[in-house]
Amino acid sequence: MNFDYDLFVIGAGSGGVRASRIASGFGAKVAVAEEYKVGGTCVIRGCVPKKLLVYASHFAEDFEAAKGFGWSVGETNFDWETLIDAKNKEIERLNGLYIQTLSNAGVEIINGRAVVTGPNSVRVGEREITAKYILVATGGWPDMPHIPGIEHAMTSNEALEMRSLPDHVVVVGGGYIAVEFAGIFRGLGAKVTQLYRGEQILRGFDDDLRHRLADEMRKKGINLMTEVNVEKIEKTDTGVRLTLTDDSVLEAGAVFYATGRKPKTAGLGLEEAGVALDEKGAVMVDAYGKTSVDSIYAVGDVTDRIQLTPVAIKEGHAFALTLFGNAPTSPEHDAVPSAVFSQPPIGTVGMTESEARARVGDVSVFVSDFRPMKHTLGGSSERAFTKLIVDKKTDKVLGAHMIGADAAEIIQGVGIAVKAGLTKAQFDATVAVHPSSAEEFVLMRTPRS
Ligand code: NDP
């Protein structure tokens, strides 16, 4: 049978763009449909704009620290609108680069929403298109609980576009996005209250880091409240009024929800085409990204495995190698390093201590708790913390964790060692880079337990 395309990709985000480009490079005729902007969540309204805002929010502390190094800092002033305009300009530039990259690779971009109409067909607007393979790479979307007044809440989508910074923001959630935005709003001068329903933020991360981050956030003035949730939201003249589960009432300029993201599969025609979804609506795939329909594959957040851009990129690349590069490749999902751009940031790879104790049993734990050199003159009381989890039997480093300045930059290198399965002895044999914070990873000698 003749198809219009060898590959039709739905969604030009991290996974979809990589898969399209690589498949096209192998000679496939490829089209990608995008209903919003080429680049996807990470580039347009996720990692990239968020990180720009994180940079912006550090300056207040940097101006303070500068004084300790002999600088006189004059009056400073921050303008949210200027920041958002500058951010938007940069995102437009990146959007253009992504379009260019796809065009250069010979991929056709179709602006519009694609709906799957069968194992080898999609519809975009009025147009019926056939393809030998379909790749679903539609990503995810903020998921908010259905409580009264939830329509008055914003998510990261709106926060990145708002025209002014509210004087007081209530952040709901205790995951990546919640802690990152709490830090951004606070650093840029807003009063911040963060509400988390559980006992401690960042569930799933190493406990030492969770406690440390909570302490540091409180030290920076974030009012972090745990074991509490929002029952209802009402609009007021100045913002919102929240009624909490402990019956208290909180007034603020805005409420920001970061309560997880759900796979974007609604109305895509997948179930009708025979593609199995799980109870959260995620596309279920095998190790190669294949769905329950042989000609339909999926990569990235829509599969709800690990919601990280570099993982989606790996999955997209592996998909293209498998189907068009004659090299069946199943993306690996173990020892995936990640960072939380909280303040201070977190870098982590491999098992947490509790996970290692549960899965491996006999482990040694090495920790280092120190004051980064910059803060000695800078005056900040912020501390840094590094941790290694080691398998006592094999001496293999099972997990590495850090909270402190530059943790994201540092963990990438450590991630190679953990992914490679290196031993603690090999870490110890590595010469330290001095003076640095990273050197702690090769200097910890006495186990805490
Ligand atoms: P997360 O899953 O990380 O966190 C969701 C948070 O919301 C949890 O604290 C959760 O609590 C809480 N929550 C869930 N439902 C409710 C509810 N009904 N009421 C109150 N609280 C609730 O999701 P995020 O939205 O923060 O981020 C989505 C994903 O995006 C992340 O998993 C991450 O993979 C990715 N991401 C990565 C970043 C990075 O790499 N730096 C940055 C931003 C996002 P509980 O713990 O009790 O379930």
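Going by the structure above, here's the rest.
What counts and how
- Residues numbered from 1 in each chain as written.
- Predicted model: local features only at pLDDT ≥ 70, side-chain atom pairs only at ≥ 80, totals over all residues.
- Heavy atoms only, no water.
- Salt bridge = Lys/Arg side-chain N within 4 Å of Asp/Glu carboxyl O.
- Helix = DSSP H or I, 4+ residues; strand = E, 2+ residues; numbered from the N terminus.
- Buried < 20%, exposed > 50% of the residue type's maximum accessible area, 1.4 Å probe, protein only.
- Near = heavy atom within 4 Å.
- Polar contact = N/O pair within 3.5 Å; in protein donor to acceptor, adjacent residues only side chain to side chain.
- Areas by Shrake-Rupley, 256 points an atom, 1.4 Å probe, with all protein chains shown as cover.
- Nonpolar A, V, L, I, M, F, W, Y, C, P; charged D, E, K, R; others polar.
- Pairing = 2+ DSSP bridges.
- Axes fitted to C-alpha atoms, helices over the stretch in contact; angles between N-to-C directions.
- Expected span 1.5 Å × (residues − 1).
- Phe/Tyr/Trp six-rings, centres within 6.5 Å; stacked < 30°, edge-to-face > 60°.
- Parallel < 35°, antiparallel > 145°, perpendicular 65-115°, else oblique.
- Left-handed = near helix turned anticlockwise from the far one by under 90°.
- Contact = heavy atoms within 4.5 Å.
- Right-handed = clockwise from strand over helix to strand, strands pointing away.

Digging into the pattern of salt bridges
Piece 1. In the structure shown here, the tally under the stated rule is 35 salt bridges.
Piece 2. Among the ionic pairs, Asp208 bridges to Lys387, the shortest N-O distance being 2.5 Å. Taken together, the positions of Asp208 in helix H7 (residues 207–219) and Lys387 in strand E20 (residues 384–391) put the pair 179 residues apart, joining distant regions of the chain.
Piece 3. Residue Lys387 is classed as buried on the basis of its relative accessible area, which comes to 1%.

What about unusual backbone geometry?
Piece 1. A cis amide bond links Gln343 with the next residue in sequence, Pro344, at an omega value of 5°.
Piece 2. Relative to the helices and strands, Pro344 resides in the loop between strand E17 (338–340) and strand E18 (346–350).
Piece 3. The step from His434 to Pro435 runs through a cis peptide bond, and the omega angle for that step is -5°.
Piece 4. In this structure, Pro435 sits in the loop between helix H12 (424–428) and helix H13 (440–443).
Piece 5. Residue Leu202 is not a glycine yet carries a positive backbone phi of 55°.
Piece 6. Within the secondary structure, Leu202 is located in the loop between strand E9 (191–196) and H7.
Piece 7. A residue is classified by how much of its surface remains accessible, and Leu202, at 1% relative accessible area, is buried.
Piece 8. Although it is not a glycine, Ala335 sits at a positive phi angle of roughly 45°.

Here's the deal with the site of the ligand
Piece 1. Close contacts around the ligand come from 20 residues, with Tyr196, Arg197, Arg203, Gln307 and Ala339 the closest.
Piece 2. Within the backbone of Gly174, a nitrogen or oxygen atom sits 2.9 Å from an oxygen atom of the ligand.
Piece 3. Backbone polar atom of Gln307 to an oxygen atom of the ligand: 2.7 Å apart, as the coordinates give it.
Piece 4. With the chains in place, 78% of the 910 Å² that the ligand exposes on its own is no longer accessible.
Piece 5. Here the shell around the ligand takes 3 residues from helix H6 (residues 176–187), the largest share from any one element.
Piece 6. The residue inventory of the shell around the ligand, partitioned by class, reads 8 nonpolar, 7 polar and 5 charged.

Quick look at the sheet that holds E17
What holds strands together in a sheet is hydrogen bonding between their backbones, with the strands either parallel or antiparallel.
Piece 1. In spatial order, the strands read E17-E18-E21-E20-E19; together these 5 strands make up an open sheet with antiparallel pairing. In this open sheet, the two strands that pair with only one neighbour each are E17 and strand E19 (363–370). Within this sheet the neighbouring strands show an average axis-to-axis angle of 15°, counted without direction.
Piece 2. Taken together, the 3 bridges between E17 and E18 define a ladder with antiparallel strand orientation. Of the residues in E18, the one forming a bridge with Val340 is Ile346.

With respect to H6
Piece 1. Taking 1.5 Å of rise per residue, the 12 residues of H6 would be expected to cover 16 Å, and the 17 Å separating its terminal C-alpha atoms lies within 8% of that figure.
Piece 2. Buried within H6 we find Ala178, Val179, Glu180, Phe181, Ala182, Gly183, Ile184 and Phe185.
Piece 3. Positive phi shows up at Gly189, right after H6, with a value of about 110°.

A word on the packing of aromatic side chains
Piece 1. One pass over the full model with this rule turns up 10 aromatic pairs.
Piece 2. Centre to centre, the rings of Phe59 and Phe63 are 6.1 Å apart; their planes meet at 35°, and the pair counts as tilted. Here Phe63 and Phe59 lie together in helix H3 (residues 47–68), a separation of 4 residues that amounts to about one turn.
Piece 3. Among the residues examined, Phe63 registers a relative accessible area of 33% and is labelled partly exposed.
Piece 4. Between Tyr176 and Phe205, the aromatic rings sit 5.4 Å apart at their centres with planes inclined by 70°, giving edge-to-face as the arrangement. Within this pair, whereas Tyr176 is found in helix H6, its partner Phe205 is found in the loop between E9 and H7, the two being separated by 29 residues in sequence.
Piece 5. Residue class for Tyr176 comes out partly exposed when judged on its relative accessible area of 30%.

Notes on the side chain of His401
Piece 1. Residue position: His401 is located in strand E21 (residues 397–403).
Piece 2. For His401, the side chain forms a polar contact with the main-chain oxygen of Met351, separated by 2.8 Å.

A word on the packing of helix H1 (residues 14–25) against helix H8 (residues 309–324)
Piece 1. Viewed as axis vectors pointing N to C, H1 and H8 meet at an angle of 30°, and their least axial separation amounts to 7 Å. With respect to their mutual orientation, H1 and H8 come out roughly parallel. Crossing geometry of H1 relative to H8 is assigned as right-handed. Residues Ser14, Gly15, Arg18, Ala19, Ile22 and Ala23 of H1 pack against Thr309, Ala312, Ile313, Gly316, His317, Phe319, Ala320 and Phe324 of H8.

Describing the side chain of Lys424
Piece 1. Relative to the elements of secondary structure, Lys424 occurs in helix H12.
Piece 2. The exposure class of Lys424 is buried, given its relative accessible area of 4%.
Piece 3. Ignoring any residue separated from it by four or fewer positions in sequence, one finds Lys424 in contact with Phe366, Leu388, Val390, Asp395, Val397, Met444 and Arg445.

Observations concerning the pairing of E9
Piece 1. Within E9, 5 of the 6 residues are buried, which leaves the element mostly enclosed by the surrounding structure.
Piece 2. Two strands pair when backbone bridges link them, and strand E8 (residues 168–172) and E9 are joined in this way by 5 bridges, in the parallel orientation. Looking at the pairing, Val169 lines up with Val192 of E9.
Piece 3. Following the chain from E8 across H6 to the adjacent parallel E9, one finds a crossover that is right-handed.
Piece 4. As defined by bridge partners, E9 adjoins strand E10 (residues 223–226) across 4 bridges and the pair is classed as parallel. Counted as the bridge partner of Gln194 is Leu224 from E10.
Piece 5. Note on the crossover from E9 through H7 to E10: the handedness is right-handed.

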